[in-house]
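Results of the structural survey
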Amino acid sequence: MFKKAIIAAFMVACMVVSNQAEAQTYSTGVGLRAGVSNGLTVKHFISSDEAIEGMLHTRWKGLMITGLYEKHKDIREVRGLKWFYGGGAHIGTWGDRSDPPFRDYDDSYTVFGIDGIIGLDYKFVDAPVNLSLDYKPAFNITSDVGWWGDEIALSIRFTFH
């Protein structure tokens, strides 16, 4: 009887450990982001389902810094695939306004605002590579105040445990 209890406890412990290993497939990813804006991305998990992401990217011939908090949820049907949502803020400059929708073509602007994000995150099982496809709308609070809902991007990251 005691022997069966030890074997059962050992099996439960193995399942818990394997479940935790499956829940978080990488701890940090560093890579490139390409879409409406292009740049660098770093994502770091602070728990098994929570991550912070930093982006340094270009927009309207300027440079933006974005920080996000993200909540990740498993898609059980596909190993390594999660969906995520979250929010954060951005700050940066928009330079030479030679493209619409801007009225003043010679000025540069400092912009600050809030961001949302929703997307899919896939970690390849046998390779240290992560792909992420996301939609990141933003609302500028300063300068060109308003909604910017066109930010769709694909990120590819090298991952670390």
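A brief report on the enclosed structure follows. Numbering of residues starts from 1 in every chain and runs along the sequence as written. Local features in this predicted model are restricted to residues whose pLDDT is 70 or higher, and side-chain atom pairs enter the listing and the counts only when it is 80 or higher, whereas totals over whole chains, interfaces and linings include all residues. The side-chain quantities take in all heavy atoms of the structure and omit both hydrogens and water.

**Description of the environment of K73**
Position of K73 relative to the elements: it lies in strand β4 (residues 62-74). Between the alpha carbons of K73 and Y85 there is a distance of 8.8 Å; along the sequence they are 12 residues apart. By definition, residues are in contact when any of their heavy atoms lie within 4.5 Å. When sequence neighbours within four positions are dropped, the list of residues in contact with K73 reads D49, K82, W83 and Y85. A helix here means a DSSP run of H or I that spans at least four residues, while a strand means a run of E at least two residues long, and both kinds are numbered starting from the N terminus.

**Regarding the pairing of strand β5 (residues 81-94)**
Strand pairing is assigned whenever DSSP identifies at least 2 bridges connecting the two strands. Across 12 bridges, β4 lies against β5 in antiparallel orientation. Bridging from a neighbouring strand, Y69 pairs with G87 of β5. What sits between the antiparallel neighbours β4 and β5 is a turn of six residues, in which G80 has the positive phi angle 90°. The sheet contact formed by β5 and strand β6 (residues 109-123) spans 14 bridges and is antiparallel. Among the inter-strand pairings, F84 is bridged to a residue of β6, identified as G119.

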